[in-house]
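Secondary and tertiary structure notes
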Amino acid sequence: MNSYTTATHATTADAEHTHAHGPAPGLLRWVFTTNHKDIGTLYLWFSFIMFLFAGALIMGVRAELFKPGLQLMDPNFFNQLTTLHGLIMVFGAVMPAFVGLANWMIPLMIGAPDMALPRLNNWSFWILPFAFAILISTLFVEGSAPNFGWTFYAPLSSTYGPKSTDFFIFAIHLMGISSIMGAINIIATILNLRAPGMTFMKMPIFVWTWLITAFLLITVMPVLAGAVTMILMDRHFGTSFFNAGGGGDPVMFQHIFWFFGHPEVYIMILPSFGIMSEIIPTFSRKHLFGYTSMVYATSAIALLSFTVWAHHMFTTGLPIWGELYFMFATMLIAVPTGVKVFNWIATMFKGALTFETPMLFAVAFLIMFTIGGFSGLMLSIVPADYQYQDTYFVVAHFHYVLVPGAIFGIMAAVYYWLPKWTGHMYSETLGKFHFWLSAIALNVTFFPMHFLGLAGMPRRVPDYALQFADFNRIASTGAFVFGLSQLIFLYIVIKTIRGGEKATSRVWEGSHGLEWTIPSPAPYHTFTTPPQVD
Amino acid sequence: MGRERRTLLTLLFIIIGMFGFTFALVPIYDAFCKVTGLNGKVDITNSGIVRYKDPGADTKGRSITVEFDVNRNQRLKCDFSPEHPVLQITPGKLTLTSYYIKNLTDKTLIIQAIPSISPGIAAKHLKKLECFCFNRQTIKPGEALNMPLRFWLEQEMPEEVKRLTLSYTLFDMTEFKKEKTDGT
């Protein structure tokens, strides 16, 4: 692809000045910091805490579903758990983790000294803890926390929403502002701060996928903000956007929500695609196969994502031509996605493969994300969707794309770049143990859900018919193991931060890219003199 | 800094534009539904514009089964039922039927009936001259009313529509005092 000449003098200069320009002492450093590495760390820790919290919520759900009947909680509390699990996982775990990775890695990958708008960067992070404090506080206020599912369909959230819905709306507004500011920063950085010689088609794929993701974010997050604003107005200002009695239409809510929601699912997967495109070449000791087609495929997926929203709404009474259009448009997305999967496999083909933990996660991603993609294709078939709609088959589908897709992507990235961040190698034995436990537990949890859905078990129910008992027991067992195995991940990360085998600047034998030309751990300030890219 | 500022302004423009676009989706959606008849939505505001013309004997011998369905939203406490649950209707012929409503509460209710037609493609060929759904209705405590509905099915109704359902859902609009209510 391309080769880099390290600006050796710049690196030495960095080392000399580290002392003078190191992080400020004390805890307030984290509050006032404008350093992209500090903010990246904050984002990653925040998302990890949210991941464990939202995971803990769903343990309650799986415990309730362990056997038929109501034993642990009343149905309304069950609904609050599923709602907050979804909201926190999407907006609190996956999205901030990707923004954290972007903060850490994009300046290092394009040879920039920092993000383009460092103060905005500080602000966009520090909004998040407040947004989630507001959202989570709804569990403790009088009455009910949001209980309408993460999709907050009207009129469940407008006419029938609990009082805490207003907290939820304000929290979503804050999260939206944070995401938009993060996206602005990433776009401004990539467009303006690339090292001399780094043309667009020389950028690492992770940077490309994030550039496209950031454009998706600034396009659809305002739509989400608009949707919650309309709900707020319907609730308090006498408007009837979604109230049929006043001339509105609740189905329109679903159109607006999914016009945001479908690009949103690509926001949660495109950066993972980028991570895979970094990791697979490294451990195959080859360059990425089909770099250009990767860029175009990612752009195509992003553009198509705006044209398929109503495939979430096949059973709302769309006209037949509408259903046909959305069915075929959805299937069309499988083409660029197929190009990407093909390229990853072609990268591994005849490569000198080794399977360190990041590569294990990457290969698992490849296999299981494809399973999730195929069940997505099944769902896109209109006549079949009438059977699958709102069953556990849908739950199985989106967990197969989100857990081995987004979450495994993030974990692979953490293992891959952790030595660069901390200067220490993580324990390969523990890493592999974490991987195998997660990968097996994940399949034990979600694979039976396909069967449950096909047999007709509906989503979002705290109780179910007796014939679903066995598969639910298996799924719950898997979920407990999966949840607990993430504590191993926490342990590994803390252990690596505190010490371990020294990492070289290259870290991996097959790695290439600017981030591997600086020492490990990465100095507080890097690329103060831009490197030259050939 | 000039280049960065330009990037920033472009991005802000997109963000504000998309926020505005979300609200623009509301009239776009309404217009789209009106043109396509999608969603079984019937325009309930154009009562003054519709003109009925008796087609005479030119009825092609068709007869369509129309089912009248009712729902009450928000657990509204009132009796609500159609005069006839099912009628055989010749396209082009004006039909008068009515709905019975009785307020079972001790409060004055302001209700709005919202029609929906299934299959959706039939929606734009069902025309109403007079409907209780054109306005909000004020019903005193214990009051019972027969509310008229005068409509016809256009002869352009697609051949495949042999049976259609006209459904009314009652919404309690008593809390919505802001807009004027019209009980006439």
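Residues numbered from 1 in each chain as written. Chains lettered and ligands numbered in written order. Predicted model: local features only at pLDDT ≥ 70, side-chain atom pairs only at ≥ 80, totals over all residues.

1. Let's talk about the overall build of chain A
Each helix and strand counted, chain A has 16 helices and two strands in total. Its C-alpha atoms give chain A a radius of gyration of 23 Å, near enough to 24 Å, the size a compact globule of 534 residues would have. In chain A, which comprises 534 residues, the proportion classed as buried is 54%. The long-range fraction of contacts in chain A, counting pairs at least 24 apart against all pairs at least 6 apart in sequence, stands at 84%. (Helix = DSSP H or I, 4+ residues; strand = E, 2+ residues; numbered from the N terminus. Rg over C-alpha atoms; globule rule 2.2 N^0.38 Å. Buried ≥ 20, exposed ≤ 12 C-beta atoms within 10 Å, placed from the backbone. Contact = placed C-beta atoms within 7 Å.)

2. So, the overall build of chain B
Check the secondary structure of chain B and you find one helix and nine strands. Written out in order from the N terminus, the α and β elements of chain B read α-β-β-β-β-β-β-β-β-β. Residue burial in chain B is summarised as follows: out of 184 residues, 26% are buried. Residue pairs at least 24 apart in sequence account for 75% of intrachain contacts in chain B once pairs closer than 6 positions are excluded.

3. Looking at the confidence of the model for chain B
Residues and elements named next belong to chain B. Per-residue confidence for chain B averages 81 on the pLDDT scale, and 83% of its residues sit at or above 70. Across residues 178-184 the pLDDT falls below 50, and counting only partners more than four positions away or on other chains, this stretch makes eight contacts in the model. In the predicted complex, the global pTM is 0.90; the interface-specific ipTM is 0.86. (pLDDT = per-residue confidence, 0-100.)

4. Brief notes about the environment of Ile-114 of chain B
Along the polypeptide, Ile-114 of chain B turns up in strand β5 (residues 109-118). Expressed as a C-alpha distance, the spacing of Ile-114 of chain B and Asn-103 of chain B, which sit 11 residues apart in the sequence, is 18 Å. Apart from residues lying up to four places away in sequence, Ile-114 of chain B is in contact with Ala-244 and Gly-245 of chain A together with Cys-133, Tyr-168, Thr-169 and Phe-171 of chain B.

5. Here's the deal with the interface of chain B and chain A
Taken residue by residue, the interface counts 27 residues in chain B and 26 residues in chain A. Broken down by secondary-structure element, the contributors of at least two residues to the side of chain B that touches chain A are α1 (2-36), β5 and β9 (163-172) of chain B. Residue contributions to the side of chain B that touches chain A peak at 15 residues, all from α1 of chain B. A breakdown of the residues in the side of chain B that touches chain A according to their chemical character gives 16 nonpolar, eight polar and three charged. (Nonpolar A, V, L, I, M, F, W, Y, C, P; charged D, E, K, R; others polar.)

6. Some thoughts on helix α16 (residues 469-498) of chain A
Residue and element names in this part refer to chain A. In this model α16 runs 45 Å from its N-terminal to its C-terminal C-alpha over 30 residues, within 8% of the 44 Å that 1.5 Å per residue would give. Taken residue by residue, α16 has Phe-471, Asn-472, Ala-475, Ser-476, Gly-478, Ala-479, Phe-482, Phe-489, Ile-492 and Thr-496 as its buried positions. Buried residues belonging to α16 abut α3 (36-64), α14 (392-422) and α15 (428-454). (Expected span 1.5 Å × (residues − 1).)

7. Describing the sheet that holds strand β3 (residues 86-89) of chain B
Residues and elements named next belong to chain B. Taken together, five strands build an open sheet; the order of strands is β3-β1-β9-β5-β7 and the sheet is mixed. Two strands bound the open sheet, and with one partner strand each, they are β3 and β7 (137-139). Sheet twist, expressed as the mean angle between neighbouring strand axes with direction ignored, is 30°. Judged from the four bridges that link them, strand β1 (residues 64-72) and β3 form a sheet pairing that is antiparallel. (Pairing = 2+ DSSP bridges. Axes fitted to C-alpha atoms, helices over the stretch in contact; angles between N-to-C directions.)

8. Considerations on the packing of helix α5 (residues 118-137) of chain A against helix α6 (residues 165-192) of chain A
Residues and elements named next belong to chain A. The geometry of α5 relative to α6 is characterised by a closest axis approach of 8 Å and an angle of 160° between their N-to-C directions. When the axes of α5 and α6 are compared, the pair comes out roughly antiparallel. As for the relative orientation of α5 and α6, their crossing is left-handed in sense. In this structure, α5 contributes Leu-120, Asn-121, Trp-123, Ser-124, Ile-127, Leu-128, Phe-130, Ala-131, Ile-134, Leu-135 and Ser-137 to the contact, and α6 contributes Phe-167, Phe-168, Phe-170, Ala-171, Leu-174, Met-175, Ile-177, Ser-178, Met-181, Gly-182 and Asn-185. Residue composition of the contact of α5 with α6, by class: 16 nonpolar, six polar and no charged. (Parallel < 35°, antiparallel > 145°, perpendicular 65-115°, else oblique. Left-handed = near helix turned anticlockwise from the far one by under 90°.)

9. Observations regarding the nonpolar core
If you look at the biggest cluster of nonpolar residues, it comprises 179 residues, and the most contacted ones within it are Val-207, Phe-361 and Ala-412 of chain A. Not counting chain neighbours up to four residues away, the residues in contact with Phe-361 of chain A comprise Phe-408, Met-411, Ala-412, Tyr-415 and Phe-435 of chain A. Ranked by size, the runner-up nonpolar core spans 27 residues in total, among them Val-66, Ile-89, Leu-109 and Phe-151 of chain B. (Core = buried A, V, L, I, M, F, W, Y, C linked by C-beta atoms within 7 Å.)

10. Here we look at the sheet that holds strand β4 (residues 95-103) of chain B
All names here are of chain B. Sheet architecture is open: four strands sit in the order β2-β4-β8-β6, paired in antiparallel fashion. Bordering the open sheet on either side are β2 (78-82) and β6 (126-131), each of which pairs with just one other strand. Neighbour-to-neighbour, the strand axes of this sheet turn through a mean angle of 25°, independent of strand direction. Across five bridges, β6 lies against strand β8 (residues 144-153) in antiparallel orientation.

11. Regarding the pairing of β9 of chain B
Residues and elements named next belong to chain B. Alignment of β1 against β9, held across eight bridges, turns out to be parallel. Along β9, the bridge assignment pairs Thr-65 with Arg-163. By the bridge criterion, eight bridges tie β5 to β9 in an arrangement that is antiparallel. The residue bridging Pro-115 from the neighbouring strand is Tyr-168, located in β9.

12. Notes on the confidence of the model for chain A
As a note on interpretation, predicted positions should not be read in detail where pLDDT is low. Per-residue confidence for chain A gives a mean pLDDT of 93; residues scoring 70 or more make up 96%. Here residues 1-19 of chain A scores under 50 on pLDDT; set against residues more than four positions off or in separate chains, the count is 33 contacts.

13. Side note on the packing of helix α9 (residues 270-284) of chain A against α14 of chain A
All names here are of chain A. Two elements in contact, α9 and α14, have axes separated by 9 Å at closest approach and are oriented at 40°. Taken together, the axes of α9 and α14 are oblique relative to one another. The handedness of the crossing between α9 and α14 is left-handed. Listed contacts from α14 to Ser-272, Ile-275, Met-276 and Ile-279 of α9 are Gly-405, Ala-406, Gly-409, Ala-412, Ala-413 and Tyr-416. Of the residues belonging to the contact of α9 with α14, the class tally is seven nonpolar, three polar and no charged.

14. A few points about the environment of Leu-418 of chain A
Residues and elements named next belong to chain A. Mapping Leu-418 onto the fold places it in helix α14. Sequence spacing of Leu-418 and Leu-377 is 41 residues, and the spatial spacing of their C-alpha atoms is 35 Å. Residues within four places of Leu-418 in sequence aside, it is in contact with Tyr-426 and Thr-496.

15. Focus: the environment of Phe-433 of chain A
Here Phe-433 of chain A shows up in helix α15. Each C-alpha atom of the pair Phe-433 of chain A and Leu-70 of chain A lies 35 Å from the other, and the pair is 363 residues apart in sequence.

16. Digging into unusual backbone geometry
Following Ser-520 of chain A, the chain continues into Pro-521 of chain A via a peptide bond in cis, with omega recorded as -5°. Relative to the helices and strands, Pro-521 of chain A is located in the loop between α16 and β2 (532-533). Along the chain, Ser-118 of chain B connects to Pro-119 of chain B via a cis peptide bond; the corresponding omega equals -5°. Take Pro-119 of chain B: it is sitting in the loop between β5 and β6. Although it is not a glycine, Arg-285 of chain A sits at a positive phi angle of roughly 55°. Summarising the element assignment, Arg-285 of chain A is placed in the loop between α9 and α10 (291-304).

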